[in-house]
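# Reading the structure
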Amino acid sequence: MGVKAWLSKPLAAYVHKQHQSWIQDPVEAQKAVFEKIIQKAQQTVFGRDHDFSGIKTHADFVQAVPVRDYEGLKQYFNRVKEGERNILWPGKPLYLAKTSGTTSGTKYIPITNDSIPNHINGAKDALLAYIHETGNSRFLDGKMMFLSGSPVLDEMGGINTGRLSGIVNHHIPGYLRTNQLPSYETNCIEDWESKLDQIIEETIDEDMTLISGIPPWVQMYFDKLNRQTGKLVKDIFPNFSLFVYGGVNFEPYRKKLYESIGRQVDSIETFPASEGFFAYQNEQNDRGLLLLLNAGIFFEFIPAEEYFSENPTRLTIGEVEPDVNYALVVSSNAGLWAYSIGDTVKFTSVKPYKVVVSGRIKHFISAFGEHVIGEEVEKAMKCTMDKYPSVELVEFTVAPYVSQDKGQSYHEWLVEFSKPPRDLVAFEKELNMQLQKLNSYYDDLITGHILSDLKIKPLPMGTFRNYMKSQGKLGGQNKVPRLSNDRNLAEGLLSITNS
C-alpha cells in the first residue's frame, strides 16, 4: 500500500467523525447556515432590495424573497457579469460557471471564495466516505481519470469564466495531480471526439484504478477502448475498482457499462451542479445520497405538484417526508437566493437525510394531462429491460405525438439500442404496461382510449451522439433530457436520421 492510500484512512475516519455533528442535528445545522448567509449578504444590492436586515426567520425570508429561476434573477446575474461588486454576495465572484439552460440559453452561475470549498470538499469527502466504509484506498495509488470539460477559462467582467468541471480541475489537490489523467493539455481540447482519441492514447497503457464521468460519455470511452484492443476494460485495467458518476440516473446505462468492464466494480453517485455540490452516496448498499446540510447551502423543498402555483409551500429540512417529489430550491454563499435549480428530489431517509434525484421540474410530459416525469419513464424502462435481459440501449428520450384523430395520440419513445429486442411489439407492450403501473393518470388515458399505447422509434447507432455534436454539446457534462413536453428534441433527432 502506497503512502497516499495509507494516509487516507485516518483522514477518512477524522472527516467521518467531524460530519456526525451536523448529521445528528440537521435542523440546527441548516439554521446556522441560514443565519450566516443572510447576515453576510445584508449590504449587497440583493440584500438591500429584499430587506435582509429585517429577516430573522424562515417565514420572514419566504415573505421577502420569492422563488425564482435564472430568468427571474437575470437582472442581478447580468450586473455580476458586467463586473459590478456586492450584487448578490460581497465583492465579486471568484468564477462564473458557464452552463447551458433549456429555457434561458447560456447561464452564468457565480462561484465565490466562500462557495468554492463546497465544490472541492464535496467530491473529496465522497471518496473519503467510501474509504471509511469499505477500507478500500488502493485506488489512490493508481491513475485516476476525470472526464471533464475544458479547464481553459475566459474572462467576463474581470471574472474567470468556464465550465464547472473545468473550474474544479484547477483546484485538484497537488498530491492527486501526479495521479490525474488525462493531462491538462488533453483536457483543454474542445472537440470531444479528438479529445477522446487523445484520452485513449494517454490512458491505454496506464494502471487506471478510478474513472469518473457522466455514464454515457464514459461508455463512449469504454467502447473505443474495446474497438481498439478487442479486450474488456477489466483486462486493460485489471486494478480498476471504482467508478464515480453524477448528473444522470445510472440505471439505464448500468448493464451495458458493466458488460463493457467485464465485472462489477464499486461506484459512488454524486449530485454536483454549477449551483453547488449537494449530496453524495456514502454507503455502497444504499442508493440514497447524503444531503450536505452544513456546506454553505440553505435548502428549501416545494412539493412538486405545487411548484407552478402562485404561493407554493416552501419546506425546510425538518418538515420534509420520505417518498414525496420535491422541487429543490437553494440559497447559498455563492449569492443564490431562493433559486430553483430545476431538479426534483425524493427523500429515501430522514435519519440521516438522504435523497435521490427524481427528475427535472420542467422535464415532463403532460400534453394530455398525464404529467409523466423522468423518474417514471426511467423506472418503466428498467423494469422492462429486467424482463428482456438481452436488450441493451445507448440512450433514449420520450416526447408526445399529438394526432388530430381522437384516440390516436401517443407517447413516442426514441430509443437507440445497441442490442435491440427481437420482438419490438412485445417490448413495447411491456414498457407501456410498466408505465401504466407507475402513473395512474397515464393508465386512465390508456384505458379510456384517449391515448394509444406508446410506440418505440428505434434510432440508428450514433444518432444521439451526432445530434449532441450538432448542438455543440458532445461530451463533458452535457446530458440528454429524458423527456420533453414538446417535440423539439424528437424532431431534432429524427432530422439527424433523415439527413
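Quick look at the structure, then. Just so it is clear, the structure is predicted and the values come from calculations on it, not from any experiment.

## Let's talk about the overall build of the protein
Assigned secondary structure in the protein consists of 18 helices and 20 strands. Scaling as 2.2 N^0.38, a compact globule of 499 residues should have a C-alpha radius of gyration of about 23 Å, and the protein matches this with 23 Å. Based on the C-alpha atoms only, the size of the protein along its principal axes is roughly 65 × 60 × 45 Å. Residue pairs at least 24 apart in sequence account for 66% of intrachain contacts in the protein once pairs closer than 6 positions are excluded. Within the structure as shown, the protein displays about 21,700 Å² of accessible surface, and the carbon and sulfur contribution to it stands at 48%. Placing the 53 positive and 61 negative side-chain charges of the protein at their respective mean positions leaves the two points 3 Å apart.

## Some details on the sheet that holds strand β18 (residues 392-401)
Spatially, β18-β19-β20 is the arrangement adopted by the three strands of the open sheet, whose pairing is mixed. The open sheet has two edge strands with one neighbour each: β18 and β20 (455-458). Direction aside, the axes of adjacent strands within the sheet are offset by 25° on average. Sheet analysis places β18 next to strand β19 (residues 410-419), joined by nine bridges and oriented antiparallel. Residue pairing across strands places tyrosine 401 opposite tyrosine 410, the latter belonging to β19. Contacting β19 and β20, helix α15 (residues 424-438) crosses the sheet at an angle of about 130° to β20.

## Re a nonpolar patch on the surface
There is a patch of nonpolar side chains on the surface, built from Met1, Val3, Trp6 and Leu7 and spanning about 460 Å² of accessible area. With respect to the helices, strands and loops of the structure, tryptophan 6 is situated in helix α1 (residues 3-24). Tryptophan 6 gets classed as exposed once you look at its relative accessible area, which sits at 57%.

## Notes on unusual backbone geometry
For residues besides glycine, phi is generally negative; the peptide bonds are generally trans as well. Looking along the chain, the bond that leaves leucine 181 and enters proline 182 is cis, with omega of -5°. Looking at the element boundaries, proline 182 is found in the loop between β6 (180-181) and α9 (184-187). A cis amide bond, omega 0°, links lysine 351 with the succeeding residue proline 352. Its identity is not glycine, yet aspartate 51 carries a phi of approximately 50°, on the positive side. Assignment of secondary structure puts aspartate 51 in the loop between α3 (45-49) and α4 (58-64).

## Quick look at helix α14 (residues 374-387)
Between its first and last C-alpha, α14 extends 20 Å over 14 residues, near the 20 Å set by a 1.5 Å rise per residue. All of the buried residues along α14 are Gly374, Glu376, Val377, Glu378, Ala380, Met381, Thr384 and Met385. In this fold, the buried residues of α14 make contact with α13 (251-261), β15 (353-360), β17 (372-373), β18, β19 and α15.

## Comments concerning the nonpolar core
By size, the foremost hydrophobic cluster in this structure holds 87 residues, and its most contacted members are Phe301 and Trp337. Broken down by element, the residue count for this core peaks at eight residues, all from helix α6 (residues 116-134). Membership of the second largest hydrophobic core comes to 42 residues, among which are Ile236, Phe237, Tyr258 and Tyr467.

## As for helix α11 (residues 215-229)
Over its 15 residues, α11 extends 21 Å from the first C-alpha to the last, a length consistent with the 21 Å expected when each residue adds 1.5 Å. With its phi angle positive at about 75°, glycine 230 sits one or two positions after the end of α11.

## A word on the environment of alanine 126
Of note, alanine 126 is situated in helix α6. The exposure class of alanine 126 is buried, given its relative accessible area of 2%. A C-alpha to C-alpha distance of 9.3 Å links alanine 126 and valine 244, two positions 118 residues apart in sequence. In contact with alanine 126, not counting residues within four places along its chain, are Ile268, Thr270 and Tyr280.

## Re the sheet that holds strand β9 (residues 266-273)
Within the open sheet, the eleven strands sit side by side as β6-β3-β7-β8-β9-β10-β11-β15-β14-β13-β12. Their pairing is mixed. This sheet does not close on itself; its edge strands, each paired only once, are β6 and β12 (297-303). In the sheet, strand β7 (residues 208-212) pairs with strand β8 (residues 242-246) via three bridges, with the strands oriented parallel. When the sheet's bridge partners are listed, serine 212 is paired in β8 with valine 244.

## Quick look at the packing of α1 against α6
When two helices pack together, their arrangement is captured by the angle between the axes and the distance separating the axes. In contact at an axis separation of 8 Å, α1 and α6 are set at 105° when each is read in the N-to-C sense. Between α1 and α6, the crossing angle belongs to the class labelled roughly perpendicular. When α1 is examined against α6, the residues Ser8, Lys9, Leu11, Ala12, Ala13, Val15, His16 and His19 are found in contact with a partner set consisting of Asp125, Leu128, Ile131 and His132.

## Here we look at the packing of helix α10 (residues 192-203) against α11
Direction vectors running N to C along α10 and α11 enclose 60°, while the axes themselves pass 10 Å from each other. By the angle class used here, α10 and α11 are oblique. When you trace α10 past α11, the crossing you get is right-handed. Of α11, the residues touching α10 (which contributes Trp192, Glu193, Leu196, Asp197, Ile199, Ile200 and Thr203) are Trp217, Met220, Tyr221, Lys224, Leu225 and Gln228. Class assignment for the residues of the contact of α10 with α11 results in eight nonpolar, two polar and three charged.

## So, the environment of arginine 85
Summarising the element assignment, arginine 85 is placed in the loop between α5 (74-81) and β1 (95-100). Spatially, the C-alpha atom of arginine 85 lies 15 Å from that of asparagine 160, the residues being 75 residues apart in sequence.

## Thoughts on the packing of aromatic side chains
In total, this model carries 29 aromatic pairs according to the counting rule given. Arranged with centres 5.8 Å apart and planes meeting at 80°, the rings of phenylalanine 347 and tyrosine 353 form a pair that is edge-to-face. You'll find phenylalanine 347 and tyrosine 353 in the same group, each marked buried. Taking the ring centre of tyrosine 410 as reference, the NZ or CZ of lysine 455 above it sits at 4.3 Å. Over the aromatic face of phenylalanine 396 sits the side chain of arginine 482, whose NZ or CZ is 4.2 Å from the ring centroid.

## A few points about the pattern of salt bridges
Note on pairing: side chains with opposite charge can pair once their charged atoms come close. Within the structure shown, the criterion is met by 23 salt bridges. Between aspartate 235 and lysine 234 there is a salt bridge whose closest N-O contact spans 3.1 Å. The exposure class of aspartate 235 is partly exposed, given its relative accessible area of 42%. Residue classification places lysine 234 among the partly exposed positions, given a relative accessible area of 26%. One salt bridge connects lysine 387 with glutamate 430, and the closest N-O pair in it is separated by 3.4 Å. Residue lysine 387 is located in helix α14, and its partner glutamate 430 is located in helix α15; the two are separated by 43 residues in the primary sequence. The class of glutamate 430 is buried, set by a relative accessible area of 13%.

Reading the values: rules and limits
- Residues numbered from 1 in each chain as written.
- Predicted model: local features only at pLDDT ≥ 70, side-chain atom pairs only at ≥ 80, totals over all residues.
- Heavy atoms only, no water.
- Helix = DSSP H or I, 4+ residues; strand = E, 2+ residues; numbered from the N terminus.
- Rg over C-alpha atoms; globule rule 2.2 N^0.38 Å.
- Contact = heavy atoms within 4.5 Å.
- Areas by Shrake-Rupley, 256 points an atom, 1.4 Å probe, with all protein chains shown as cover.
- Lys, Arg positive; Asp, Glu negative; His and termini not counted.
- Charge placed at Lys NZ, Arg CZ, Asp CG, Glu CD.
- Pairing = 2+ DSSP bridges.
- Axes fitted to C-alpha atoms, helices over the stretch in contact; angles between N-to-C directions.
- Patch = residues over 30% accessible without salt bridge, like charges linked within 9 Å, V, L, I, M, F, W, Y side chains within 5 Å.
- Salt bridge = Lys/Arg side-chain N within 4 Å of Asp/Glu carboxyl O.
- Buried < 20%, exposed > 50% of the residue type's maximum accessible area, 1.4 Å probe, protein only.
- Expected span 1.5 Å × (residues − 1).
- Core = buried A, V, L, I, M, F, W, Y, C linked by side-chain atoms within 4.5 Å.
- Parallel < 35°, antiparallel > 145°, perpendicular 65-115°, else oblique.
- Left-handed = near helix turned anticlockwise from the far one by under 90°.
- Nonpolar A, V, L, I, M, F, W, Y, C, P; charged D, E, K, R; others polar.
- Phe/Tyr/Trp six-rings, centres within 6.5 Å; stacked < 30°, edge-to-face > 60°.
- Lys NZ or Arg CZ within 6 Å of the ring centre and 35° of its normal.

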